[in-house]
Amino acid sequence: MRVQLLRVIGARTTNIVLEDEPVEIGREAQIALDDPEASRRHARVEPVESGWQIVDLGSHNGTYVDGARVTTARLQHGSVIRAGKTLIVFVDAQLPDGRMPLPALGSKIVGDSIAALRLHGEIDLVAAQPVSVLVLGETGVGKELVAQEIHRRSRRSGAFVAVNCAAIARELAESELFGHVPGAFTGAARASDGLFVAAEGGTLFLDEVGELPPDLQPKLLRALATGEIRPVGSSNARTVDVRVVAATLRDLDEAVRADTFRADLMNRLAGWKITVPTLRERRDDIFAIASLFLRRHGNLALSTDAIEALLVHDWPGNVRELERTIAAAAVRAQAARSGVELAHLPTELAARLSGRAIADAPRTAPILVPAGAMPTREELTALLEQMDGNVARVAEHLGKDRQQIYRWAKRYGLDVESFRRT
């Protein structure tokens, strides 16, 4: 079942399912925005031939799609819409079995996008099954986190043991995996059990399994096929109960064709395949993931411009790149004693917004009124004009409550509604 959603991004992301009918977005629209920067009727999302488009309805602050101001724009999966200070992600996805999967309790995989929920569903399907799993995906998507989740939900009693096959010295790879007896090679003064034994009753995660030396591949194949390992230098085999989860960036099918990876080993490893979605496939999770990282740096706030820049970036390094970006931005923000602003992000992210900052700075010089003083009629008129009749913004600017602004406007005979633009 194919479904299209508008996901309003925030502390509690809201889903609006689209059902072949136009819907309007704005302060006084079908999708009501609690956003003083949005117009009353800001934009309309409507079906078109084989898809959806958004149409700006003459909004004052404009409608933006993927960082660019638009009057009309075709929406694709992951399109980022900005109306005022509200950010919305358009989602076009296929639901497995025609229903929304449920998030897993206690999971370290953050996000409730359809892509993330489908990933949770796949993990649930295979976690308790006695098959090897091959986890695929781009760099930085969180393949080890998926392996940890498979182990956690498998309820296996042993440990989760991870090894990066690309980082093992070629001459020590067999010993690292299967152990060795004393004197098995130069420097082997004492016996070592190896990683398979360390993972007894649990899960062994073989990261970058495509980098295993060719001469080690048949020995790993035997361990997977029989459950037996033979330490280097020993004539005795040992039976182990280990569930293997492997991951790779490499195209193993291509490696098999190039005769650098055994076909029978790939088939053993790939009893079940899970492909981890990229961050750009689940843009509606980016704010939640970034917020998690920010909580580790003093729970800093993110400005709307900063969030938008994060949402529209393509993230070739995926979650790992996002974590690095947030960590660096948090350092800059703390030095400035502020939340994370657009200026704290890398230049290539900020550039996607073309240097704009909606409502973060007034369009003209601010009208200054002495603290505690009542504005003159001219000053109040100028403020209402500058802020498009937005009483909440005028009140914030003057340090007063909204009712006081209405009382002053009534005294001066000013119609607040006349200053508002749709």
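Right above here is the structure, for reference.
Quick caveat, the model's predicted, so the values are computed rather than measured.

A. The overall build of the protein, seen in detail. Each helix and strand in the protein was counted, giving 14 helices and 18 strands. A compact globule built from 422 residues should have a C-alpha radius of gyration of about 22 Å, whereas the protein, at 28 Å, is more than 25% larger. On the principal axes, the C-alpha backbone points of the protein span a range of 100 × 50 × 35 Å. The burial tally for the protein puts 49% of its 422 residues in the buried class. In the protein, 63% of the contacts between residues at least 6 apart in sequence involve partners at least 24 apart. Surface exposure of the protein reaches about 20,600 Å², of which carbon and sulfur atoms provide 48%.

B. Fine view of the packing of aromatic side chains. Summed over the entire model, instances satisfying the criterion amount to two aromatic pairs. Ring geometry for Phe160 and Phe205: centres 6.1 Å apart, planes at 20°, overall stacked. Pair noted here: Phe160 is in strand β13 (residues 160–164) and Phe205 is in strand β14 (residues 203–207), with a separation of 45 residues, a long-range link. Its relative accessible area of 22% is what places Phe160 among the partly exposed residues. Overall, the relative accessible area of 0% leaves Phe205 in the buried class. Here Phe178 and Phe196 contribute two aromatic rings whose centre-to-centre distance is 5.4 Å and whose plane-to-plane angle is 25°, an arrangement assigned as stacked. Taken together, the residues span a long stretch of sequence, with Phe178 in helix α3 (residues 173–178) and Phe196 in helix α4 (residues 195–198) at a distance of 18 residues. Summarising the burial analysis for this pair, Phe178 and Phe196 share the class buried.

The rules we used
- Residues numbered from 1 in each chain as written.
- Predicted model: local features only at pLDDT ≥ 70, side-chain atom pairs only at ≥ 80, totals over all residues.
- Heavy atoms only, no water.
- Helix = DSSP H or I, 4+ residues; strand = E, 2+ residues; numbered from the N terminus.
- Rg over C-alpha atoms; globule rule 2.2 N^0.38 Å.
- Buried < 20%, exposed > 50% of the residue type's maximum accessible area, 1.4 Å probe, protein only.
- Contact = heavy atoms within 4.5 Å.
- Areas by Shrake-Rupley, 256 points an atom, 1.4 Å probe, with all protein chains shown as cover.
- Phe/Tyr/Trp six-rings, centres within 6.5 Å; stacked < 30°, edge-to-face > 60°.

Worth remembering: the numbers are spatial, not functional.
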